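# Per-entry structural report
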Amino acid sequence: MNDFKGRRAVVLGGSGFLGSHLCERLLRDGASEVISLDNLVTGNERNLVDVAPLGNLRVVVHDVTEPLHLDGPVDCVFNLASPASPSDFAQLPIETLRVGSVGTENGLRLAREKGAVFLQASTSEIYGDPLVHPQREDYWGNVNPVGPRSAYDEAKRYGEALVTAYARMHGLRTRIARIFNTYGPKMRLEDGRLVPAFVAQALRGEDFTVFGDGTQTRSFCYVKDLIDGLVRLALSDVTEPVNLGNPRELSILRVAEAVRNVHGGDGRIAFKPLPRDDPRQRKPDISRARTLLGWEPRVSLEEGLVETFAWFRKVMAPRAPVPRADATRPPSRHEERERRG
Ligand code: NAD
Ligand code: UDP
């Protein structure tokens, strides 16, 4: 595959944050049809409302832990179905393990039946609380198998093993993207992850909730860059895992400062307890993506935050007030006639 023109793609988790941006990109690239399968557990059909007019989009509400049957050819299956925010997977640990195991295998079976490429959305979480910094793909990670993050981390590690087994045993064309923290429009207000939390707090005039002392680090990638990386990976022949993320590493306190600067408010910090097993540091080594995919992020955190603020402003805008009975308004013709008798 050189591009998606005339191709038919399936996106598992297409109504979520990344999934909806991926559907948009595939349609813009000329895909003949994009089919989103999503059970809406953390996604929202509204994310696809502005995507549908771009082309042939089929939106199916389906739990991918149930068998997948689709008629006709499929060129690529993207597996993005999984709760991804720490507060979501903490509330849905069993669902997260099921979708990462049974759901991933159903996606792999579909790709095998159709002779399609299968792309797995894996995560930097497979490195756990990393002892190697920055993280390269040959690092095996430091994951607590029985901690509060284990349902997600181990499901994703199992997912990579399963994808590798399908490639080895069935000759399936597989791709593994290890995605680092990504943010942007279409994240939920109540998502719980850092950027939507800080942006919503800034807009509400609330303090920024910083967990721990805020010296832990992350590296934030804007969604448009990330999606470009996924598309390049799907179109490549790279079967080993590839880190996709922005290598600009910042402490959480510095992220608060960046959000404050973009918003212009005075946003104070409210320190909260650090969740257990919260990784201390995270930064991708993206040499492999640079060399094999010619990919690197282009959007700065400041530029990405401007776009994210614009989205959240829209979502938080008060709806037009419904006129109340006692509101002052000119009398209707009917009322005028009644008054005149
Ligand atoms: P999200 O929660 O917005 O999207 C996940 C989507 O999967 C949702 O629409 C949800 O309803 C759907 N889903 C979950 N279980 C399902 C099931 N059983 N059947 C069908 N659909 C199901 O999260 P996101 O940030 O868009 O993440 C998308 C993918 O990318 C996930 O697999 C996640 O692990 C991976 N990822 C994301 C990030 C990031 O920073 N955004 C980082 C690393 C990995
Ligand atoms: N965090 C924070 N305040 C919040 C949300 C998150 O300080 O309101 C911290 C969290 O403890 C972690 C970092 O920000 O150290 C990134 O958290 P996020 O949930 O976005 O993703 P993670 O990298 O932990 O999966």
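Relevant structure appears above.
The sections below set out a description of the structure shown in this document. Here the structure is a predicted model, which means the values were calculated and not measured.

How each quantity is defined
Residues numbered from 1 in each chain as written. Chains lettered and ligands numbered in written order. Predicted model: local features only at pLDDT ≥ 70, side-chain atom pairs only at ≥ 80, totals over all residues. Heavy atoms only, no water. Helix = DSSP H or I, 4+ residues; strand = E, 2+ residues; numbered from the N terminus. Rg over C-alpha atoms; globule rule 2.2 N^0.38 Å. Buried < 20%, exposed > 50% of the residue type's maximum accessible area, 1.4 Å probe, protein only. Contact = heavy atoms within 4.5 Å. Near = heavy atom within 4 Å. Polar contact = N/O pair within 3.5 Å; in protein donor to acceptor, adjacent residues only side chain to side chain. Areas by Shrake-Rupley, 256 points an atom, 1.4 Å probe, with all protein chains shown as cover. Nonpolar A, V, L, I, M, F, W, Y, C, P; charged D, E, K, R; others polar. Salt bridge = Lys/Arg side-chain N within 4 Å of Asp/Glu carboxyl O. Phe/Tyr/Trp six-rings, centres within 6.5 Å; stacked < 30°, edge-to-face > 60°. Expected span 1.5 Å × (residues − 1). Core = buried A, V, L, I, M, F, W, Y, C linked by side-chain atoms within 4.5 Å.

## A look at the overall build of the protein chain
When its secondary structure is counted, the protein chain shows 10 helices and 13 strands. Its C-alpha atoms give the protein chain a radius of gyration of 22 Å, near enough to 20 Å, the size a compact globule of 341 residues would have. Seen through its principal axes, the protein chain has C-alpha atoms that stretch 85 × 50 × 35 Å.

## Observations concerning the environment of Arg 193
The residue Arg 193 is located in the loop between strand S7 (182-183) and helix H5 (194-204) in this model. A relative accessible area of 22% means that Arg 193 is categorised as partly exposed. In sequence terms Arg 193 and Gly 43 are 150 residues apart; their C-alpha atoms lie 15 Å from each other. With residues up to four places along the chain from it excluded, the contact list for Arg 193 reads Phe 17, Ala 84, Ser 85, Pro 86 and Met 187.

## Some remarks on the site of ligand 2
In the vicinity of ligand 2 lie 16 residues, with Thr 209, Phe 211, Arg 218, Asp 278 and Arg 282 positioned nearest. Asn 181 is positioned such that a nitrogen or oxygen atom in its side chain is 2.9 Å from an oxygen atom of ligand 2. One nitrogen or oxygen atom from the main chain of Leu 194 is found 2.8 Å from an oxygen atom belonging to ligand 2. Considering ligand 2 on its own, with 520 Å² of exposed area, one finds that the protein chains cover 95% of that surface. Sorting the residues of the shell around ligand 2 by element identifies H5 and strand S8 (208-211) as the ones contributing at least two each. Top element by residues in the shell around ligand 2 is S8. It accounts for 3 residues. Tallied by class, residues from the shell around ligand 2 come to 6 nonpolar, 4 polar and 6 charged.

## Side note on the site of ligand 1
The local shell around ligand 1 holds 30 residues, among which Leu 18, Asp 38, Thr 42, Tyr 152 and Thr 182 are the closest. One of the side-chain N or O atoms of Asp 38 is found 2.5 Å from an oxygen atom in ligand 1. Asn 39 is positioned such that a nitrogen or oxygen atom in its backbone is 3.1 Å from a nitrogen atom of ligand 1. Within the complex, the protein chains bury 96% of what would otherwise be the 820 Å² of accessible surface of ligand 1. Among the secondary structure elements, those contributing two or more residues to the shell around ligand 1 are helix H1 (17-28), strand S5 (117-123) and helix H4 (150-170).

## Topic: the pattern of salt bridges
Inspection of the entire model under this criterion finds 23 salt bridges. Among the salt bridges present, the one from Arg 232 reaches Asp 228, with a minimum N-O distance of 3.1 Å. Note that Arg 232 and Asp 228 are positioned in helix H6 (residues 223-235) at a spacing of 4 residues, about one turn of the helix.

## Overview of the packing of aromatic side chains
In this structure the tally under the stated criterion is 7 aromatic pairs. Centroid distance Tyr 127 to Tyr 139: 5.9 Å. Interplanar angle 15°. Geometry classified as stacked. Residue Tyr 127 is located in the loop between S5 and H4, and its partner Tyr 139 is located in the loop between S5 and H4; the two are separated by 12 residues in the primary sequence. Tyr 127 sits in the buried class, given a relative accessible area of 1%. Residues Tyr 127 and Phe 180 carry aromatic rings whose centres are separated by 6.1 Å and whose planes lie at 40° to one another, so their mutual orientation is tilted. Of this pair, Tyr 127 sits in the loop between S5 and H4 while Phe 180 sits in the loop between strand S6 (174-179) and S7; the two residues are 53 residues apart in sequence, bridging distant segments of the chain. When its relative accessible area of 1% is taken as the criterion, Phe 180 is described as buried. Put simply, the rings of Tyr 127, Tyr 139 and Phe 180 touch in pairs and so form one group of aromatic residues.

## Examining helix H7 (residues 252-263)
With 12 residues, H7 should reach 16 Å at 1.5 Å per residue; the first-to-last C-alpha distance of 16 Å fits that figure. Here the buried face of H7 lies against H5, S8, strand S9 (217-219), strand S12 (249-251), strand S13 (269-272) and helix H9 (301-316). The first or second residue beyond H7 is Gly 264, which carries a positive phi of 90°.

## Here's the deal with the environment of Ala 84
Inspection of the secondary structure assignment puts Ala 84 in the loop between strand S4 (76-79) and helix H2 (86-91). Taking C-alpha positions, Ala 84 is 18 Å from Gly 107, a pair spaced 23 residues apart along the chain. In contact with Ala 84, not counting residues within four places along its chain, are Phe 89, Tyr 152 and Arg 193.

## Structural notes on the nonpolar core
Ranked by internal contacts, the top residues of the largest apolar core, which has 60 residues, are Leu 26, Phe 78, Phe 198 and Leu 244. When residues in this core are grouped by element, the largest group, 7 residues, is from H6. Phe 198 has contacts with Phe 208, Thr 209, Val 210, Ile 252, Val 255, Ala 256 and Val 259, leaving out every residue within four places of it along the chain. Ranked by size, the runner-up nonpolar core spans 21 residues in total, among them Leu 108, Leu 110, Leu 162 and Leu 172.

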